[in-house]
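Coordinate analysis (summary)
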Amino acid sequence: MAKSTLLNITQRLKFASGSIAPADTTTLKTLYTASADDAVLKSLLITSTDTAIQNVQLFVNDGTADRLIGTINVPANAGNNGSVASVDALNGTMLPGLPYDQNGKRILPMKAGAILKAAVLVTVTAAKKIDFLGTVEEY
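Everything in this summary refers to the structure shown in the same document. (Residues numbered from 1 in each chain as written. Predicted model: local features only at pLDDT ≥ 70, side-chain atom pairs only at ≥ 80, totals over all residues. Heavy atoms only, no water.)

Quick notes on the overall build of the chain
Definition in use: In this text, helices come from DSSP runs of H or I with a minimum length of four residues, and strands from runs of E with a minimum of two, each type numbered from the N-terminal end. Within these notes, the globule rule equals 2.2 Å times the number of residues to the 0.38 power, and the radius of gyration is based on C-alpha atoms. Buried means the residue's accessible area, taken with a 1.4 Å probe over protein chains only, is under 20% of the maximum for its type, while exposed means over 50%, and partly exposed covers the values in between. A contact between two residues is defined here by any heavy atoms of the two lying within 4.5 Å.
Looking only at helices and strands, one finds 0 helices and 9 strands in the chain. Reading the secondary structure of the chain in the N-to-C direction produces β-β-β-β-β-β-β-β-β. For a compact globule of 139 residues, the expected C-alpha radius of gyration is about 14 Å, and the chain comes in at 15 Å, within 12% of that figure. Taking the principal axes of its C-alpha atoms as reference, the chain extends roughly 50 × 30 × 25 Å. Counting every position in the chain, which comprises 139 residues, the buried fraction comes to 37%. A separation of at least 24 residues holds for 73% of the contacts in the chain among residues at least 6 apart in sequence.

Right under this line is the structure:
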C-alpha cells in the first residue's frame, strides 16, 4: 500500500536490532534500514555484558554519508545484572535535538532508505557483547 499523503498510518511494526561483539572492533553495524514509505524509530534500548563502560555512537546514513547523531555512555553490565538499567538511547540528555511524539517521548524520524548504524569507540571486551533492540513504525 502506498504511503498516505494526508495522514500517515502505521503499516508495520518492526525491530531495529543488532549486536556488537569484539570481532566487530569499531566498525559500524547496521541496525535498521527505513522502508520505502518512511519510518519512525520509537525506541532503542542498549544492553551490555561488557564489564567495562562503553561509549556507543549512533549514525544515520542519509544516502550520501554516515552522519553521527550522538555518543551514548553505556555502563558496565547495563541491563544484564539486575542492578544496572538498560540504556534508553533516545533519551533527551544524550540526543537532545530529537523531536517528540504525541506522548512526549523522543523519536527518530527516518526517510525512505535511511540506515541506522551503531559503533563503539573502543573494542568490546573479549567474550562480551552490546545488544540493541528498538521498535520502529513503518508507513
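Regarding the sheet that holds strand β2 (residues 29-33)
In plain terms, the rule: Pairing between strands is defined by DSSP: at least two bridges between them are needed. To obtain each axis, a line is fitted to C-alpha atoms, and for helices this fit is confined to the stretch in contact; angles are then taken between N-to-C directions over 0 to 180 degrees.
Pairing is antiparallel across the open sheet formed by 4 strands, whose spatial order is β2-β8-β4-β5. A single partner strand is all that each edge strand has here, and the edge strands are β2 and β5 (66-74). Here the strands of the sheet are splayed against their neighbours by 25° on average, with no regard to which way each runs. As paired elements, β2 and strand β8 (residues 115-120) share 4 bridges and run antiparallel to each other.

Brief notes about the nonpolar core
The condition is simple: Here, nonpolar core means buried Ala, Val, Leu, Ile, Met, Phe, Trp, Tyr and Cys residues that are tied together by side-chain atoms lying within 4.5 Å of each other.
Within the largest apolar cluster, 30 residues are counted, with the highest numbers of intra-cluster contacts made by Tyr32, Leu41, Leu44, Ile46, Val56, Leu116 and Phe132. Counting residues per element, the ones that place at least two in this core are β1 (12-20), β2, β3 (39-48), β4 (54-61), β5, β7 (108-110), β8 and β9 (130-138). With 4 residues, the single largest contributor to this core is β3. Not counting residues up to four positions away in its chain, the partners in contact with Val56 are Ile46, Gly70, Thr71, Ile72, Val74, Ala118, Ala119, Val120, Ile130 and Phe132.

Some details on the side chain of Arg106
For clarity, the threshold we go by: A residue counts as positive if it is Lys or Arg and as negative if it is Asp or Glu; His and the chain ends are not included. Criterion for a salt bridge: a side-chain nitrogen of Lys or Arg within 4 Å of a carboxyl oxygen of Asp or Glu. For the purposes of these results, a polar contact is taken to be a pair of N or O atoms within 3.5 Å, where, inside protein, one atom must be able to donate a hydrogen and its partner to accept one; residues adjacent in sequence count only when each atom of the pair is a side-chain atom.
Locating Arg106 in the fold gives a position in the loop between β6 (87-88) and β7. Despite being buried, Arg106 has no salt bridge partner; Asp88 is the closest side chain of opposite charge, sitting 8.8 Å away. A polar contact is formed between the side chain of Arg106 and the backbone oxygen of Pro96, at a distance of 2.8 Å. Discounting residues that sit within four places of it in the chain, Arg106 has contacts with Lys42, Leu90, Asn91, Gly92, Leu95, Pro96, Gly97, Leu98, Pro99 and Tyr100.

Points about the environment of Ala76
Position of Ala76 relative to the elements: it lies in the loop between β5 and β6. Spatially, the C-alpha atoms of Ala76 and Thr51 are 4.8 Å apart, while their sequence positions differ by 25 residues. Contact partners of Ala76, with chain neighbours within four places excluded, come to Asp50, Thr51, Ala52, Ile53 and Val84.

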